[in-house]
Amino acid sequence: MTRVFVPRDMAALSVGADEVAAAIHREAEFRGAELTVVRNGSRGLFWLEPLVEVETAEGRIAYGPVAPEDVPQLFADGFLNGRASALCLGPTEEIPYLKNQERLTFARCGVVDPLSIADYLAYGGFKGMVHALALEPAAIVEEVTASGLRGRGGAGFPTGIKWRTVLNEVADQKYIVCNADEGDSGTFADRMLMEGDPFCLIEGMIIAGLAVGATVGYVYIRSEYPHAFATFRRAVELARDAGYLGYGILGSERSFDIDVRLGAGAYICGEETSLLESLEGKKGVIRFKPPLPAIEGLFGKPTVVNNVLSLAAVPLIMEKGGEHYANFGMGRSRGTMPFQLAGNLKHGGLVEKAFGLTLREAIFDYGGGTASGRPFRAVQVGGPLGAYFPEALLDTPLDYEAFAARKGLLGHGGIVVFDDQVDLARQARFAMEFCAEESCGKCTPCRIGSTRGVEVIDRIIAHTDRVKNLQVLDDLCELMVDASLCALGGLTPIPVLSAIRHFPEDFDKPPAGILSDGEAATATNPRELAR
Amino acid sequence: MVGMEQSGPGRQSWDRERGRDIIARWRELPGACLPILHALQDEFGYVHPEAIPLIADTLALSRAEVLGVIEFYHDFRQEPPGRHLLKVCRAESCQSMGCEALVSHLRSRLGIEMDETTSDGELTLKTVYCLGNCALSPAVLLDDRPFGRVSPQRVDELLDLVRSDR
């Protein structure tokens, strides 16, 4: 029977995938056509969603973006046999956006039925875990270390070193905690994976458990992701029923189980110690480090806290070896990164490539330029704590060190593009405002500094003692960087200072209705103040 | 556009015994406080003040600790919300595609601010930062139903949808 694929991914649903699936069922019944509709994840080509695929002898043929009213014509054109039609995009794998990627972690996403273990196995699933079951824990850690994998949540800490620390701890209980609190604007890779290939994350967590001697895992999913939560929780039940989770994995002596928890709308809970507090049922107030979570983590026990993408990279590393993974990438950034193209872009979506792709390639070759058709002006990489870069920095390669050298960060790989309508003074103000809104309140530089930051930026925008206030803002940012306890307060100055450094003209506009006080002519160059 | 398939926030009116049952069901879970608060809110739409001492007694916490948790997280409410909940993303990606124009449109159409409920109790507006639909900004979530590339005109259609579900 012909298989037709209509994504169940939240983004596809947001532009009508359920209605398209219903229309296909209706039309098939009307015509007496025999078909099965598979609700797959998304391929990550979101401007083409709902992207409908048909399985043919020549492979899968794509049609998109499909609206419910297009469906009768698709049937009339013979799309069930992969025939040409106005919306036909040809073989899915040949679409350049997809073809030119290096999909390692997302190889199965959008291809398989996310809730079919048979599909997962048919596409190489659980091979890494089976291999790991035959190894000593230290050998698993060794393989992950050899891959050069660094934490994909944003900090980029080597995963193998974190695992070794937990392995070396002696404790009656250890935990694997998966950070699925993907709060950065411009990011959706964790969500896509949990909705499109949840068994991959489950397998990665089992391997982590085997590697460090942990028998319990928690996945902390943000509440803004109701679809990811529902799909992932169902996948855990299916894996447990099939013997991959629970007591004695696949009849072995090893055990591991997963509990799925829901966040409650706090950005700070993406910070690992705050996440642990939240899992313990408390306010998400961050903890002092040390002790590291690897030594004293969840409920005081040694805990691996890894991002979804870090854990999801592990099955392939165990299947094909650390060296295979390390062969991708540049410098100390090994492997691939699922970059997420977002904001004002024509072709937003997921681009998994080896590190080293330049920003320009990402934004123009893949992203197709702005959605509005207006000139590009700024890009923020790495979420709300990432730097705003101008056109002049677009040849920066997407690599941890290259971004750090330009006072930016790669973070979780989100790339948000703005056209020339953006006001960077306003964006800088928003960075401080967001920090004030989301601060856990534990340390003063973040709690008070962010509110003072909003006030100072307001004065600069209003041309009130502008030069003096630029100096005050600079001092305040220095204090927040040096004295905040975690990355929220410590990195909020990055978008603020980058906006001043690269877009000084936006901080020197005559306020509406008020003539410039003449100070602007003699003002110290804000570039120098921002250093 | 199809009708409302998913209901809004929990609509049962507060029932002390039912609340006690929900708390008892989750009490053995490690770190039970958040799961309990979510379960109460799923049922009743908010966390009733009477639930606070019940949770505190069950989990051996002080009432202040339970209240502290409720107040820390943006999701938990102590007042009943509207029959439908519209979450509007106002983070950077949606800003780049004009979410603030959507917010202005909603304000003037409904005569309420963000994080308020219409006087007929029909709809609550809520600011959120990121729904993970950033390639299709601006994005909103109506109850648990996502919408992407939302124009002011599309918002009007959603408001009609809400109104038709009385």
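Residues numbered from 1 in each chain as written. Chains lettered and ligands numbered in written order. Predicted model: local features only at pLDDT ≥ 70, side-chain atom pairs only at ≥ 80, totals over all residues.

A short note on the overall build of chain B
- Helix and strand content of chain B: 7 helices and 4 strands.
- Starting at the N terminus, the α and β elements of chain B follow one another as α-α-α-α-β-α-α-β-β-β-α.
- Dimensions of chain B, computed from the C-alpha atoms along their principal axes, are close to 50 × 35 × 25 Å.
- With 166 residues in all, chain B has 42% of them scored as buried.
- Taking all contacts inside chain B whose residues are at least 6 apart in sequence as the whole, residues at least 24 apart take part in 64%. (Helix = DSSP H or I, 4+ residues; strand = E, 2+ residues; numbered from the N terminus. Buried ≥ 20, exposed ≤ 12 C-beta atoms within 10 Å, placed from the backbone. Contact = placed C-beta atoms within 7 Å.)

Re the nonpolar core
- Counting residues in hydrophobic clusters, the biggest one holds 218 residues, and the most contacted among them are A:Val177, A:Cys178 and B:Cys89.
- The contacts of A:Val177, once residues within four sequence positions are left out, are A:Tyr218, A:Tyr220, A:Leu275, A:Leu276, A:Leu279, A:Leu298, A:Thr303, A:Val304 and A:Val305. (Core = buried A, V, L, I, M, F, W, Y, C linked by C-beta atoms within 7 Å.)

Here we look at the interface of chain A and chain B
- Listed per partner, the contact involves 48 residues of chain A and 36 residues of chain B.
- For the side of chain A that touches chain B, the secondary structure elements donating two or more residues are helix H1 (10-13), strand E8 (257-262), helix H12 (272-279), strand E12 (336-343) and strand E16 (414-419) of chain A.
- Among the elements that line the side of chain A that touches chain B, the one with the most residues is E12(A), at 4 residues.
- Of the residues contributing to the side of chain A that touches chain B, the split by class is 23 nonpolar, 16 polar and 9 charged. (Nonpolar A, V, L, I, M, F, W, Y, C, P; charged D, E, K, R; others polar.)

With respect to the packing of helix H1 (residues 16-26) of chain B against helix H2 (residues 33-44) of chain B
Residues and elements named next belong to chain B.
- Interhelical geometry of H1 versus H2 gives an angle of 145 degrees and a closest axis separation of 9 Å. Crossing angle aside, the handedness with which H1 passes H2 is right-handed. Of the residues in H2, those in contact with Arg18, Gly19, Ile22, Ile23 and Trp26 of H1 are Pro35, Ile36, Ala39, Leu40 and Glu43.
- Considered class by class, the residues forming the contact of H1 with H2 number 7 nonpolar, 1 polar and 2 charged. (Axes fitted to C-alpha atoms, helices over the stretch in contact; angles between N-to-C directions. Left-handed = near helix turned anticlockwise from the far one by under 90°.)

Some thoughts on the pairing of E16(A)
Residues and elements named next belong to chain A.
- For E16, the tally of buried residues reaches 6 of 6 residues, placing the bulk of the element in the interior.
- What you see with E16 is no split at all: Gly414, Val416 and Phe418 on one side and Ile415, Val417 and Asp419 on the other are buried throughout.
- Where E12 meets E16, 4 bridges bridge the pair, whose relative direction is parallel. When the bridges of E16 are listed, Ala342 appears paired with Val416.
- With 5 bridges joining them, strand E14 (residues 376-381) and E16 adopt antiparallel strand pairing. Residue pairing in the sheet places Gln380 in a bridge with Val416 of E16. (Pairing = 2+ DSSP bridges.)

Digging into the sheet that holds strand E7 (residues 216-221) of chain A
All names here are of chain A.
- A sheet is described by the order of its strands in space; here 4 strands give the open sequence E8-E7-E6-E9, paired in parallel fashion. Either end of the sheet is taken by a strand with one partner, and the two such strands are E8 and strand E9 (303-307). Averaged over all adjacent pairs, the angle separating strand axes in this sheet is 20 degrees, with direction ignored.
- Across the sheet, helix H13 (residues 308-320) lies against strand E6 (175-180) and E9, angled at about 95 degrees from E9, the strand it touches most.

Some details on the sheet that holds strand E3 (residues 140-142) of chain B
Residue and element names in this part refer to chain B.
- An order of E2-E1-E3-E4 is seen for the 4 strands of this open sheet, with the pairing classed as mixed. Where the open sheet ends on each side, the last strands, each with one partner, are strand E2 (123-128) and strand E4 (145-147). Direction aside, the axes of adjacent strands within the sheet are offset by 20 degrees on average.
- Sheet strands in contact with helix H6 (residues 99-110) are strand E1 (84-89) and E2, and its direction is about 150 degrees off that of E1.

A closer look at unusual backbone geometry
- Residue A:Pro65 is bonded to the preceding A:Gly64 through a cis peptide linkage, with omega at -10 degrees.
- Between A:Lys289 and A:Pro290 the backbone carries a cis peptide bond, its omega angle lying at -5 degrees.
- Checked against the element boundaries, A:Pro290 lands in the loop between H12 and E9.
- Within the chain, A:Lys407 stands out as a residue other than glycine whose phi angle is a positive 55 degrees.
- As for its position among the elements, A:Lys407 is in the loop between helix H16 (400-405) and E16.
- Positive phi, close to 85 degrees, is recorded for B:Cys130, a residue that is not glycine.
- Counting through the fold element by element, B:Cys130 comes out in the loop between E2 and E3.
- You can call B:Cys130 buried: it has 30 C-beta atoms within 10 Å.

Examining the environment of A:Gly44
- Take A:Gly44: it is sitting in the loop between strand E2 (35-38) and strand E3 (52-56).
- A:Gly44 sits 296 residues away from A:Gln340 along the chain, and the two C-alpha atoms are 9.0 Å apart.

A look at helix H21 (residues 493-502) of chain A
- Burial analysis of H21(A) places 9 of its 10 residues in the buried class, the great majority of the element.
- Turning to H21(A), its buried residues number three or more, namely A:Pro493, A:Ile494, A:Pro495, A:Val496, A:Leu497, A:Ser498, A:Ala499, A:Ile500 and A:His502.

So yeah, pure geometry; function would need other evidence.
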